[in-house]
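The lines below spell out each chain.
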Amino acid sequence: MKVPLADLRSQYLAIKPEIDSAIQSILDSSQFILGKAVSAFEEGFAAAHHAKHCIGVGSGTDSLHAALWATDIKEGDAVITTPFTFIATVEAISLTGARPLLVDIDPATYTMNPSALERLLSSKKSDNLSGVKIRAIVPVHLYGQAAQMDAIGDIAKRHGLAIIEDACQSHLATYGGKFVGNFGVAACFSFYPGKNLGAYGEAGAVITDYDALATKIRQLRDHGQVEKYKHAFWGHNYRMDGIQGAVLGVKLKYLEKWTTRRRQIAGFYKKMLEGIGDIILPFESPKARHVYHLFVIRTKKRSGLQKFLAEKEIGTALHYPIPLHFQEAYKHLGYRPGDFPVSESAAEECISLPLYPEMTDDQAEYVAASVKSFFRK
Ligand SMILES: *Cc1c(COP(=O)(O)O)cnc(C)c1O
């Protein structure tokens, strides 16, 4: 049996007539950029997260960059995030001219460790941060689970820092009963095809409750244009394609159902893999509704397991094998091995198993049985 890490085609086939006609309507109207389909999706996506505004943009990276820029993060500022995330989180900070400051993750949830955050903020005078002003925190809701937003929110408030959530992996995730996107000034989403809500190309969005911030992001999205021909400041081109808006509008209706199915498969995996070998299963905080963008386990036998599963035609991936402070691109930050030990060991041991809503029970069973047989060998 073949089980890919994710299967975009099976999802398309399940909703093909609706998708095809939504795309056809864009071709017919020729509203290729923004337009009615994008606005309708923006409204629906904001409502789904109980947010006031949604601004559709070109990618998750765009959404992070636009949100930070609109919050006036600039050269001379510093923004805190973790080294255990996709590089785009840190890149967006760099693109504003600000300096990324990293803090380690919590070993149970893989999200920002609030104690490490507190330590960084209280020790900042001893670091070589002279001339740099810490302005914001970007917690990453990694793998589909929200970061510890109660503790992080308290710390941000005490230190006067803005929170911009990286929710690129956590559409419809909640924390303390509130949807992600409601814990800071703005939250950023990616609709990369493999994300829980995926476009058929590049797309992303920012959600926010703040009117002025929403207006600013809309203007940045369109070259700082405040009315036709008038540019109050320079911006960028972050506009969402009409076809992506149409596709996302169709798929948004299914997102809750797909999320439920993701959680069901995750529950099945957990039941099957409990106590097997040295596996550490994903921890679900009682405060969080984990939406399982990825089902990530830890084992010291990762490379053997990956090879074994590949022989059984089971797709796996590593999220992420190199923490950002070890990347050539971020050498200049001056961090050293041992600075973020939790991120470093997670990077060595994490492996993602197949998980997508269209996976059959038989496929999930085959994956679980194969993992078990590797550890019983
Ligand atoms: C996917 C992702 C991004 C970037 O989104 P793109 O749409 O690929 O630009 C940023 N942060 C995280 C955590 C992501 O998973």
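Preceding this paragraph is the structure being described.
Thresholds applied
Residues numbered from 1 in each chain as written. Predicted model: local features only at pLDDT ≥ 70, side-chain atom pairs only at ≥ 80, totals over all residues. Heavy atoms only, no water. Phe/Tyr/Trp six-rings, centres within 6.5 Å; stacked < 30°, edge-to-face > 60°. Helix = DSSP H or I, 4+ residues; strand = E, 2+ residues; numbered from the N terminus. Near = heavy atom within 4 Å. Polar contact = N/O pair within 3.5 Å; in protein donor to acceptor, adjacent residues only side chain to side chain. Areas by Shrake-Rupley, 256 points an atom, 1.4 Å probe, with all protein chains shown as cover. 1 Å grid on protein atoms, 1.4 Å probe; cavity = no way out; pocket = protein on both sides within 12 Å on 5 of 7 lines; lining within 4 Å. Sits in = over half its atoms within 2 Å of the grid points. Disulfide = S-S within 2.5 Å.

(A) Representation of the packing of aromatic side chains within the structure. A full pass over the atoms with the stated rule returns 16 aromatic pairs. Each ring, one from Phe 45 and one from Phe 189, has its centre 4.9 Å from the other, and the planes form 90°; the classification is edge-to-face. Remark: Phe 189 occurs in strand 8 (residues 186–190) and Phe 45 occurs in helix 3 (residues 36–48); sequence separation between them is 144 residues. With a centroid separation of 5.5 Å and 65° between ring planes, the pair formed by Tyr 110 and Tyr 143 is classed as edge-to-face. Taken together, the positions of Tyr 110 in the loop between strand 3 (99–102) and helix 6 (114–122) and Tyr 143 in the loop between strand 4 (133–137) and helix 7 (149–159) put the pair 33 residues apart, joining distant regions of the chain. Taken together, the aromatic side chains of Phe 41, Phe 45, Phe 189 and Phe 191 make up a single cluster linked through ring pairs.

(B) Spatial organisation of the site of the ligand. Near the ligand, the surroundings consist of 14 residues, among which Gly 60, Thr 61, Gln 169, Ser 190 and Lys 195 are the closest. At a separation of 2.8 Å, an oxygen atom of the ligand approaches a polar backbone atom of Gly 60. Thr 61 places a side-chain nitrogen or oxygen 2.5 Å from an oxygen atom of the ligand. Starting from 380 Å² of accessible surface for the ligand in isolation, the protein chains cover 93%. In a pocket analysis with a 2 Å cut-off to the grid points, the ligand is assigned to the largest pocket.

(C) Representation of the state of the cysteines within the structure. Taken as a whole and judged by the stated rule, the model has 0 disulfides. Here Cys 168 is not cross-linked by a disulfide; its sulfur's nearest cysteine counterpart is in Cys 188, at 6.5 Å. Of the cysteine sulfurs around Cys 350, a residue in no disulfide, the closest is that of Cys 168, at 19 Å.

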